[in-house]
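# Residue-level structural notes
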Amino acid sequence: MSTEDTPSAPRSLAEALRARGDAALGALLRSRPDLITPVPTDLTQLATRAGTRASVVRALERLDRFTLQTAEALAVAADPATYEELLGLMAGDAGDPAVTAALPHALDVLREQALVWGGDDRLRLVRTARELLAPSPQHPSPTGLGPTVQEATAGMSPGRIQEIVTAAGLPSTHDSVSAVTALTGLFTDRARMAALLADAPAESREVLERLVWGPPYGQVTPDPAPRLRWLLDRGLLLPTAPGTVVLPREVALHLRRGLAHRTPEPVPPVVEAAAAHHPQVVDSTAAGQAYTALATVEELLKDWDEGGPAVLRAGGLSVRDLKRTAVALDVPEPVAAFWVELAYAAGLIASDGEADERYAATPAYDEWLERPPAERWSRLATAWLAATRTAGLVGGRDAKDRTLSALGPGLDRSAAPEVRHRVLALLAALPEGAAPAPESVLARLRWERPLRGARQQEDDLRTRLARWALSEAELLGVTGRGALSAHGRALLGAAAAPAKGPAAEPSGASGPSGVSGPSGASGPSGASGPSSASGPSGPGDKLPVHHHRTAPLTPLSPAEQAVASAAAARLLTPLLPEPLDHVLLQADLTAVAPGPLRRPLADMLGVLADVESKGGATVYRFTPGSVRRALDAGQTASDLHAFLAAHSRTPVPQPLAYLIDDVARRHGHLRVGAASAYVRCDDDAVLNEILADKRAAALGLRRLAPTVLAAQTDPAGLLEGLRAMGFAPAAESAEGDVLITRALAHRTPARSAPEPVPDGPPVPDDTLLAAALRAIRAGDLASTTPRKPGTAPAADGELPRTASAETLATVQAAVLTGEALWIGYVNAEGAASQRVIAPIRVEGGFVTAYDHTADEVRTYPLHRITGVAELADDAG
């Protein structure tokens, strides 16, 4: 039944809103937050704003499929329509029980969002929504219905209308209006229409069958075929333009047996589970992926530690730099783009802002590294869940046909956080360990947002966002083997895991707000189709679907998300492998790390050896270059021997000890300094060998002394050139001391993580909502309070105008009588408003009064009051 039944039916949407309580108005402002930005001055302005095209389009986009179908049916119904007429359009002549059960709730959602107003005997769709959803030649209705007989015959000659009435077997009339009424009555009478169509040729009935479900328009020649002529003569097809005919709406509804939609969808598609795994297996797999995610991000940032790729002039990474990053991480380029964007969203990398701008780690990265692994993961996962930047778009084209680059502009998609949350919430509704069939997830999302499905480009984007959400959740370790993990549920703020037994299925569908209707149906965020009995199943079996509210219907607030992230980190901590303090050295100059290494060991080993392969165990290889790198970093041969002996569970192999000693013996034998650059060596035979080498020609060497060579290149280039020739030179300072070259981490200035781009105004919190409702009610009181005759303003919304002496006299009289006044007031900023006040005292050019509009005592300067008006005696 209607939630707005009042003793007197509302005559407008503003009156319908005025009859609502604060709870109902609050539900409207939560479901349509654009109505509160800025806060309306009164309910009339709220109703006007709720009927604007942009706001109505936004509201329609957030309806589920059945609620939108209900609105579409109202758009082709009479205005106003009764509930019985609407039920007939939705359930048809046969009466679908599922539609009958779900329709009250769908109507309540439309009323709640101020898209429909009026009681069940006079249902009205707001005018803008009717214009958007009603059929027209330029914009066909989603129902596939055409214009009514009255609309289609609007420009037809009276004589032609009388011919159609006579051919249809109706008596002729004296005017076109009554003729159209008689024809409409025939087409809406099931028995008479059945008799008329029974006499139709089979070919004519085939024409009607092709048009019945839309589009209802067809083309005809100036001399129509007999099958078309029979239909045109009886008005079953009506001309709309030269060469174009249309199937009238009343005829189509008869052929459809009353249905406005071919397939009403009162129940959302079931999210099917395609495979079942043990929950512990899912959690362990997800934890392994989480550890890999941490290692990948660390490897990325370590690769960019001394300054990463250059920033393109238009912003972002070049294609070449992305390929290099993918090779360094040993992943495909789309996956590399995901990790780069994730690190950026988490605030771990940014541009350094220098003249030669490059990407580098931020100071937050160093702080992030010091946190426990589970907390580092929760920060990445939280950033991913809320980020609007969409890595999957990298490599695509924008509206101007420009390539979208990683870290570049144009990657923000406001719908991404909502889609990720909904995908994970649907996974949370499945039994533990159940992995969904991706297509069933996509079908459910399309049911929840069908209007976007009509927009092919946006529907394609939402579908891709959902697919990316599933794959990215697996990469990040939120899911394991396609099923949501325990720490993934905690990340969503899920209160508990689903029960093992079957759950009762809601009897109807709901709108996006999830507010239950009379039938007890729940919203698209939690509603679903009938569930089946539970039982064990294998990976290829279809699992029963349990619909438990294990995750919130909407994303969490920042404070709630912080609590959820901490809970996820606690659940993940025992699942992550403990870091090891040892490796296994092998005789082939490799070391095997059987698991994750503690940070000091991993950092030192990363300098002393090169990573050869990664996986469950990491293999490091020692080479002359890697050992020299450790010596350049300030280590000595004895330091390296002691380090390996302390951290190896196997004896240090003799080949490795020889390699370290051999490189150390040659390290520093040559000294390179700045002259432009020079080489000095105590052994002049070595310098002779260098001069005789053809590869030294590019260095521009010449002998200054038996033990000194000068070069035309800089010291760094001379070092690299000599090393390329097989020597192991060491750099020295101007004082002749050996320079220890340590890798200096390049950091950007303090940078904050990129803010997500919101998809419209945020949902108001309770404090803002209460203040807004108070202001709207107060403004409405001021604008609707009855005034005494002769004191009302000349036009609606105009402030009262009185002379200063009259204003003062009226206010002073009200102090004595205790009566309330209606005043116009202009504040110091020049903003005008109208208020209802009860004056308490007047002195010093100020009036102190109880302001009914603000619900508090205030003081107003008399010179800012534009005028006063006395309220009628019966004013509340």
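What counts, and where the lines are drawn
Residues numbered from 1 in each chain as written. Predicted model: local features only at pLDDT ≥ 70, side-chain atom pairs only at ≥ 80, totals over all residues. Heavy atoms only, no water. Helix = DSSP H or I, 4+ residues; strand = E, 2+ residues; numbered from the N terminus. Buried < 20%, exposed > 50% of the residue type's maximum accessible area, 1.4 Å probe, protein only. Contact = heavy atoms within 4.5 Å. Areas by Shrake-Rupley, 256 points an atom, 1.4 Å probe, with all protein chains shown as cover. Axes fitted to C-alpha atoms, helices over the stretch in contact; angles between N-to-C directions. Parallel < 35°, antiparallel > 145°, perpendicular 65-115°, else oblique. Nonpolar A, V, L, I, M, F, W, Y, C, P; charged D, E, K, R; others polar. Pairing = 2+ DSSP bridges. Phe/Tyr/Trp six-rings, centres within 6.5 Å; stacked < 30°, edge-to-face > 60°. Lys NZ or Arg CZ within 6 Å of the ring centre and 35° of its normal. pLDDT = per-residue confidence, 0-100. Polar contact = N/O pair within 3.5 Å; in protein donor to acceptor, adjacent residues only side chain to side chain. Core = buried A, V, L, I, M, F, W, Y, C linked by side-chain atoms within 4.5 Å.

### Quick notes on the overall build of the chain
- Across its full length, the chain carries 34 helices and 25 strands.
- Burial status across the chain gives 48% buried among its 876 residues.
- Sequence-distant contacts, at least 24 apart, represent 67% of the contacts inside the chain between residues at least 6 apart.
- Total accessible area computed for the chain in this model is approximately 40000 Å², and 55% of it derives from carbon and sulfur atoms.

### Examining the packing of helix 11 (residues 176-187) against helix 12 (residues 190-198)
- For the pair helix 11 and helix 12, interaxial distance at closest approach is 6 Å and the crossing angle is 85°. Here helix 12 runs roughly perpendicular to helix 11, going by the angle between their axes. Contact residues: helix 11 offers G185, L186 and F187, while helix 12 offers R192, M193 and L196.
- The residue inventory of the contact of helix 11 with helix 12, partitioned by class, reads four nonpolar, one polar and one charged.

### Some details on the pairing of strand 4 (residues 238-241)
- Pairing analysis gives three bridges linking strand 4 to strand 5 (residues 244-246), with the strands arranged antiparallel. When the bridges of strand 5 are listed, A241 appears paired with T244.
- Linking two consecutive strands that pair antiparallel, namely strand 4 and strand 5, is a turn of two residues; a positive phi of about 85° is found at G243 within it.

### Re the packing of aromatic side chains
- Taken as a whole and assessed by the stated rule, the structure comprises four aromatic pairs.
- If you follow R376 out to its NZ or CZ, it ends over the ring of W368, 5.4 Å from the centre.

### So, the confidence of the model for the chain
- Mean pLDDT over the chain: 83, with 86% of residues reaching 70 or higher.
- Counting interchain partners and residues more than four positions distant, the pLDDT-below-50 stretch residues 1-6 has 18 contacts.
- For residues 792-796, every residue scores under 50 in pLDDT, and the model assigns this stretch three contacts once sequence neighbours within four places are set aside.

### A few points about unusual backbone geometry
- Look at the link from T37 to P38: it is a cis peptide, with omega at -10°.
- Note that P38 resides in the loop between helix 2 (22-31) and helix 3 (43-50).
- Backbone torsion omega between G214 and P215 reads -5°, so that peptide bond is classified as cis.
- Mapped onto the elements, P215 comes out in the loop between helix 13 (202-211) and strand 3 (217-219).

### Some details on the side chain of T479
- Here T479 lies in strand 10 (residues 479-480).
- Only 2.6 Å separates the side chain of T479 from the side chain of E474, close enough to count as a polar contact.
- Setting aside chain neighbours within four positions, we find T479 in contact with A286, L427, L470, A473, E474, L484 and S485.

### Brief notes about the nonpolar core
- The biggest cluster of nonpolar side chains holds 90 residues, and the ones touching the most others in it are L17, F187, L236 and L237.
- Other than its neighbours up to four places away in sequence, L236 contacts F187, M193, L196, L197, L208, W230, L231, V246, L247, P248 and V251.
- Y359, L369, L385 and A490 belong to the second-largest nonpolar core, a separate cluster that totals 74 residues.

### Digging into the pairing of strand 13 (residues 590-593)
- In strand 13, alternate side chains face the same way, and those of T590 and V592 on one face and A591 and A593 on the other are all buried.
- By the bridge criterion, three bridges tie strand 12 (residues 584-586) to strand 13 in an arrangement that is antiparallel. Looking at strand 13, one finds that Q586 is bridged to T590.
- The loop that links strand 12 with its antiparallel partner strand 13 comprises three residues; one of these, L589, has a positive phi angle of about 65°.
- Strand direction decides the pairing type here: strand 13 and strand 15 (residues 618-621), joined by four bridges, are antiparallel. Residue pairing in the sheet places A593 in a bridge with T618 of strand 15.

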